[in-house]
Amino acid sequence: MPPTWQPRGVGETRGTMLRRALRRRCPICGAKPIFDGWFGLRNRCPGCNFSFEREEGYWVGAMIANIAVAEALFGLLFVGGILVTYPDVPWTRLGAAGVILMIGLPIAFYPLSKMLWLWLDLAYIHPVDADDLSANDRR
Ligand SMILES: [Zn+2]
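Peer 1: A description of the overall build of the protein chain should follow, citing residues and the corresponding values.
Peer 2: Of the regular secondary structure elements, the protein chain holds three helices and two strands. Going from N to C terminus, the protein chain has its helices and strands arranged as α-β-β-α-α. Taking all contacts inside the protein chain whose residues are at least 6 apart in sequence as the whole, residues at least 24 apart take part in 59%.

Printed below as a string of structure tokens:
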């Protein structure tokens, strides 16, 4: 039976690329490690030479997603905390939990936000092409 879905990566499905991205691997070839530490995404994949930063300012989308997730969870925590504890709302503890969440979550989510942004771009916006994998293109 012929596939009904057309892969957009180099022969990889969106699901495969997503699973690799969630495990902090190259979405295209699955190679690791592609991070140097928690924050440092390498410029290129050690397996397929894919350039992770595809254009100037590429990671702005990942930063926006990271902040949006933190703010959404803060909103859920804050409103949920009020609704659950009303009328004796523990404002101090709720505020402290919010501060901890707003500081900790963007740090914890940072690499995943980059990988999800990269996957989204590869899967739906700009599929990988030969220029992305060019060994001579050292930015
Ligand atoms: Zn790769």
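Moving on, there is more to tell.
Peer 1: Talk me through helix 3 (residues 91–125); I want residue IDs and the actual numbers.
Peer 2: The end-to-end C-alpha separation of helix 3 is 43 Å, well short of the 51 Å expected for 35 residues at 1.5 Å each. Of all the bends found along helix 3, the most pronounced is centred on Tyr110 and spans about 50°, while Pro111, a proline, follows it within four residues.

Peer 1: Report on the confidence of the model for the protein chain, specifying residues and quantitative values.
Peer 2: Of the residues in the protein chain, 89% have a pLDDT of 70 or more, and the chain-wide mean is 88. In the model, residues 4–8 has pLDDT below 50 throughout and makes 12 contacts with residues more than four positions away in sequence or in other chains.

Peer 1: So what's going on with the side chain of Asp121? Residues and values would help.
Peer 2: Following the sequence through the fold, Asp121 ends up in helix 3. For Asp121, the residues in contact, after removing those within four places along its chain, are Arg54, Tyr58, His126 and Pro127.

Peer 1: Please set out the coordination of the zinc ion residue by residue, giving values where relevant.
Peer 2: At the metal site, the zinc ion is ligated by Cys26 (SG), Cys29 (SG), Cys45 (SG) and Cys48 (SG), and these contacts range over 2.2 to 2.3 Å. For the zinc ion, the four donor atoms in the first shell make angles of 101 to 114° at the metal, a pattern classed as tetrahedral. All donors of the zinc ion belong to a single chain; written as a sequence motif, their spacing is C-x2-C-x15-C-x2-C. Accessibility expressed as a relative area gives 0% for Cys26, which makes it buried.

Peer 1: Residue-level account of the pattern of salt bridges, with values.
Peer 2: Tallying each qualifying case throughout the model produces three salt bridges. Asp36 is the partner of Arg42 in a salt bridge, and the nearest nitrogen-oxygen pair spans 3.0 Å. You can call Arg42 partly exposed: its relative accessible area is 29%.

Peer 1: Report on helix 2 (residues 60–85), specifying residues and quantitative values.
Peer 2: With 26 residues, helix 2 should reach 38 Å at 1.5 Å per residue; the first-to-last C-alpha distance of 37 Å fits that figure. Residues of helix 2 that are buried: Gly61, Ala62, Asn66, Ala70 and Gly81. Residues of helix 2 that are buried in the fold lie against helix 3.

Peer 1: How would you explain the environment of Ile67 if you had to name every residue and give the values?
Peer 2: Structurally, the position occupied by Ile67 is in helix 2. For the pair formed by Ile67 and Leu105, sequence separation is 38 residues and the distance between their alpha carbons is 8.9 Å.

Peer 1: Any details on the environment of Phe74? Residues and values, ideally.
Peer 2: Structurally, the position occupied by Phe74 is in helix 2. Overall, Phe74 belongs to the partly exposed group, its relative accessible area being 28%. Residues Phe74 and Leu105 lie 31 residues apart in sequence; the distance between their C-alpha atoms is 9.6 Å. Look past the residues within four positions of Phe74 in its chain and what remains in contact with it is Gly98, Leu101 and Met102.

Procedures and definitions
- Residue numbers run consecutively from 1 along every chain, following the written order of its sequence.
- Given that the model is predicted, a residue must reach a pLDDT of at least 70 before its local features are reported, and side-chain atom pairs must reach 80 or more before they are shown or counted; all residues, however, enter totals for whole chains, interfaces and linings.
- Side-chain measures here rest on the full set of heavy atoms in the structure, leaving out hydrogens and waters.
- Secondary structure is summarised from DSSP: a helix means a run of H or I of at least four residues, a strand means a run of E of at least two, and numbering begins at the N terminus for each.
- The contact rule is simple, with two residues in contact once any of their heavy atoms fall within 4.5 Å.
- The span you would expect from a helix comes to 1.5 Å times its residue count less one.
- The angle between axes fitted to the seven-residue stretch ending at a residue and the seven-residue stretch beginning at it gives the bend at that residue.
- On a scale of 0 to 100, pLDDT captures the predictor's confidence in every residue.
- For Na, K and Ca the donor cut-off is 3.2 Å; for every other metal, N, O and S atoms count as donors within 2.8 Å. Water does not enter the count, which can leave sites looking incomplete.
- When four donors show all angles between 85 and 135 degrees the site is tetrahedral, when four or six donors have opposite pairs over 155 degrees and all other angles between 65 and 115 it is square planar or octahedral respectively, and in every other case it is irregular.
- Using a 1.4 Å probe on the protein chains alone, a residue whose accessible area is under 20% of its type maximum counts as buried, one over 50% counts as exposed, and one in between counts as partly exposed.
- Salt bridge, as used here, is a side-chain nitrogen of Lys or Arg placed within 4 Å of a carboxyl oxygen of Asp or Glu.

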